[in-house]
Amino acid sequence: MAQARFDMPAQVRAGEVFKLRLLVQHPMETGYLLDLNNRRIARNVINDLRCTYLGQEVFRIEPSSGLSANPYVEFFLRATQTGEITIDWVDDRGERGQVKRTLTVV
Amino acid sequence: MTTPPAALRRDWLRASLGATAWAAGRATFARVLGGALGLGSLPTAQAQGMLSGKLLSLSEMLDPIVAGAPVVRAGVHIETLILADNGLSVPFRVWVDSPMTAQDHVTHIWLLSQRNPVMVMAKIHVGPQMGRAELSTRLRLAGGQQLVALARLSSGQFRYELADLIVTEAGCVDGS
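Residues numbered from 1 in each chain as written. Chains lettered and ligands numbered in written order. Predicted model: local features only at pLDDT ≥ 70, side-chain atom pairs only at ≥ 80, totals over all residues. Heavy atoms only, no water.

Moving on, we get to the packing of aromatic side chains. This structure, assessed with the given rule, holds two aromatic pairs over all chains. Arranged with centres 4.0 Å apart and planes meeting at 5 degrees, the rings of A:F59 and A:F75 form a pair that is stacked. Linking A:F59 in strand β5 (residues 56–63) with A:F75 in strand β6 (residues 72–78), this pair joins segments that are 16 residues apart in sequence. Taken as a pair, A:F59 and A:F75 share a single burial class, namely buried. Geometrically, the ring pair formed by B:W110 and B:F158 is tilted, given 6.0 Å between the ring centres and 40 degrees between the ring planes. Linking B:W110 in strand β5 (residues 106–113) with B:F158 in strand β9 (residues 158–167), this pair joins segments that are 48 residues apart in sequence. Considered together, B:W110 and B:F158 belong to a single accessibility category, that of buried residues. (Phe/Tyr/Trp six-rings, centres within 6.5 Å; stacked < 30°, edge-to-face > 60°. Helix = DSSP H or I, 4+ residues; strand = E, 2+ residues; numbered from the N terminus. Buried < 20%, exposed > 50% of the residue type's maximum accessible area, 1.4 Å probe, protein only.)

Our focus in this paragraph is the sheet that holds β6(A). Across the sheet, which stays open at both edges, the six strands sit in the order β1(A)-β3(A)-β6(A)-β7(B)-β4(B)-β2(B) with antiparallel pairing between neighbours. Both edges of this open sheet fall to β1 (4–7) of chain A together with β2 (76–80) of chain B, since each of them pairs with a single strand only. Here the strands of the sheet are splayed against their neighbours by 15 degrees on average, with no regard to which way each runs. As defined by bridge partners, strand β3 (residues 17–24) of chain A adjoins β6(A) across seven bridges and the pair is classed as antiparallel. Bridge assignment links A:L22 to a residue of β6(A), and that residue is A:V73. (Pairing = 2+ DSSP bridges. Axes fitted to C-alpha atoms, helices over the stretch in contact; angles between N-to-C directions.)

On their own, these measurements won't tell you what the molecule is for.
Set out below in structure tokens:
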């Protein structure tokens, strides 16, 4: 199952600021809704999502139930050298997801 | 035809569909429909009791985070809707004026909601490696309200900006 869609340029110039777009497939349950049997659905949101570039954490977001289901995040990074960009996230149930991409700096 | 400025359009929208008038209209419609169908009263959506929830004041929202540091309404920009059809997914873009150098950059951005049961919608850690203090996402909102984007600079100062928007259907109502 495709867990996330991640988009960034494959190649950038050194020093360039480029855009990264991420769409994670996740229900982001608020904990306020009832199921068909009138039981409360437990809160389950992505509570931590971080982006690592060249082994260093460069961006991190701690969402609550205030972000929509299938959260979408768009942010920027400044390219310094060729390396791996990793995005990791974890939800309230402890389930983890990850996307990895190599950035080529020319 | 020229487009009226955003503030004008907002006033016009508020005047033509005040949030309470809109909610009352919907409730009456449900009652009339229920009566017609002989259902007595239709089960209303479980809104978890925060639909008419208390609206937080600006200081109630900022004080717990700012904790006495200087805070100014400047240098933060928000781009979002004026009228959202529903609160499930509201596009929201925020950016902060900052050179984003190692000496002078933004360290955190908070997205705060006046009406949601959880005030802090997201806390974002940013740094000079980002090159630009900008972020777009989609919010879930419990109704029309004021949103606050609060930014902390590396100097320890805080900056914020407000956005006023009308949400015709809250994002935490059970869809069934």
